[in-house]
Amino acid sequence: MYRSLEKCARDFHLYIFAFDDECYDILTRLQLAKATIIPLCDFEDAELLAVKSSRTVGEYCWTCTPSIILYSIRKYGLSNCTYLDADLFFYADPVVLIDEAGGASVIITPHRYTPVCDDSESGGIYCVQFVYFKNSVDGLRVLEWWRAACIEWCYNRREPGRFGDQKYLDVWTSMFSGVHVLEHLGGGIAIWNVEQYDFIHKVGEVWGCELVSQHMFPVVFYHFHALKYAEKDSFSLAGSYMVSDNDIEFLYKPYIRALISVDQEIKALSHKIVAHETHEIPRIRKSLRRMYHLYVRGKFRQFYHQSYFFK
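1. A look at helix α11 (residues 288-297)
Argument step 1. Looking at α11, one finds that the buried residues are Arg290, His293 and Leu294. Buried residues along α11 cover an arc of 85 degrees about the axis, so they all sit on one side. Every exposed residue of α11 that faces more than 90 degrees away from the buried side is listed here: Leu288 and Val296.
Argument step 2. Those residues of α11 that are buried lie in contact with β16 (234-236), β18 (299-300) and β19 (303-305).
Argument step 3. Looking one or two residues beyond α11, the residue adopting positive phi is Gly298, at roughly 90 degrees.

2. A closer look at the state of the cysteines
Argument step 1. What the rule picks out here adds up to 0 disulfides.
Argument step 2. Free cysteine: Cys127, not disulfide-bonded; nearest cysteine sulfur from Cys117 at 13 Å.
Argument step 3. Judged by its relative accessible area of 3%, Cys127 falls in the buried class.
Argument step 4. Residue Cys209 stays outside any disulfide, its sulfur separated by 19 Å from that of Cys117, the closest cysteine.

3. A word on the sheet that holds strand β14 (residues 221-223)
Argument step 1. Pairing is mixed across the open sheet formed by 3 strands, whose spatial order is β4-β14-β10. Either end of the sheet is taken by a strand with one partner, and the two such strands are β4 (88-90) and β10 (187-190). Strand-to-strand, the axes of this sheet are offset by a mean angle of 30 degrees, without reference to chain direction.
Argument step 2. The sheet contact formed by β10 and β14 spans 3 bridges and is parallel. If you follow Gly187 over to β14, its bridge partner there is Phe221.

4. Describing the packing of helix α5 (residues 57-76) against helix α8 (residues 137-152)
A packed helix pair is summarised by two numbers, namely the angle formed by the two axes and the spacing between the axes.
Argument step 1. It is at 8 Å that the axes of α5 and α8 come closest, and there the two elements cross at 145 degrees. Seen along the crossing, α5 lies across α8 with a hand that is left-handed. Here Trp62, Thr63, Thr65, Pro66, Ser67, Ile69, Leu70, Ile73 and Arg74 of α5 lie close against α8, whose contacting residues are Leu140, Leu143, Glu144, Trp146, Arg147, Cys150 and Ile151.
Argument step 2. In terms of residue class, the contact of α5 with α8 is built from 10 nonpolar, 3 polar and 3 charged.

5. Comments concerning the sheet that holds strand β5 (residues 106-110)
In a beta sheet, neighbouring strands pair by backbone hydrogen bonds and run either parallel or antiparallel.
Argument step 1. The strand order across the open sheet formed by 4 strands is β3-β6-β5-β9, and the pairing between neighbours is mixed. Where the open sheet ends on each side, the last strands, each with one partner, are β3 (80-84) and β9 (179-181). Neighbouring strand axes in the sheet, compared pairwise and without regard to direction, differ in orientation by 20 degrees on average.
Argument step 2. Bridge count for β3 against strand β6 (residues 126-134) is 5 bridges, and the pairing is antiparallel. Across the sheet, the residue bridging to Asn80 is Lys134, located in β6.
Argument step 3. Together, β3 and β6 form the strand contacts of α5, whose direction differs from that of β3 by roughly 150 degrees.
Argument step 4. Lying over the sheet, α8 contacts β5, β6 and β9, oriented at roughly 135 degrees with respect to β6.

What counts and what doesn't
Residues numbered from 1 in each chain as written. Predicted model: local features only at pLDDT ≥ 70, side-chain atom pairs only at ≥ 80, totals over all residues. Heavy atoms only, no water. Buried < 20%, exposed > 50% of the residue type's maximum accessible area, 1.4 Å probe, protein only. Helix = DSSP H or I, 4+ residues; strand = E, 2+ residues; numbered from the N terminus. Arc of directions from axis to C-beta. Contact = heavy atoms within 4.5 Å. Disulfide = S-S within 2.5 Å. Pairing = 2+ DSSP bridges. Axes fitted to C-alpha atoms, helices over the stretch in contact; angles between N-to-C directions. Left-handed = near helix turned anticlockwise from the far one by under 90°. Nonpolar A, V, L, I, M, F, W, Y, C, P; charged D, E, K, R; others polar.

Spelled out as structure tokens, the structure:
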């Protein structure tokens, strides 16, 4: 994600929160010119620490989302701050998304689910992936309310009006002033809505076409939810979702190539790459037919060998 911003954005600075010591060490040693690396111990306060033991690791990360935004604004005196999920990849400068909001103090992005993927009722209308806050009365009012809500309750289960840190966003447009719902289709393409679009290259950029309206738009970022590392230098792209050859060509190939390049950067620091989850490929060590499909054709079932993305 950092490298994609480095390529696409005219001006940015990332405040990256490292939730373990190894992550902090690697990111610090990479010497990223436009990033500040912040260890967990620097921003955890008494309220966060009081609930930490009651949350899983993932739930605690969600609990911290509004807190890291508020910390960044206050610690570094920022006029605004945008939270980004780490599995975003940028194809164009995101400034166009912020410009769309005009004088609004908060920007939220809708999931724009396809009907078959619709999880609005329990998972939320909006996605915590790209959330913008101004350092203003309206912006801080929303942010402080969100932080208090997440400290009180932030779990990986679905209850009426609650799911992790995300379902809380559903009420912001009715509870608060200055909240803008992003309209730009290029901000927030993801596995749960990608079937609505086709993609092309246009003047060296990736553009999408909404199939229903035929509306053309530049792709700003894609959210690579469900992409996982797999054994044998392979990837599982979409889990239970579907991706097309068109999606792979214009969205996934650049991202996988970037992941491989970053892996090489980290290995150059004498660090072993350990994925959070590595999927096993059934019987890949025993079946010659499966080996042929994976190593020669580049794909076996939902698993894609890294060589597939350089064809």
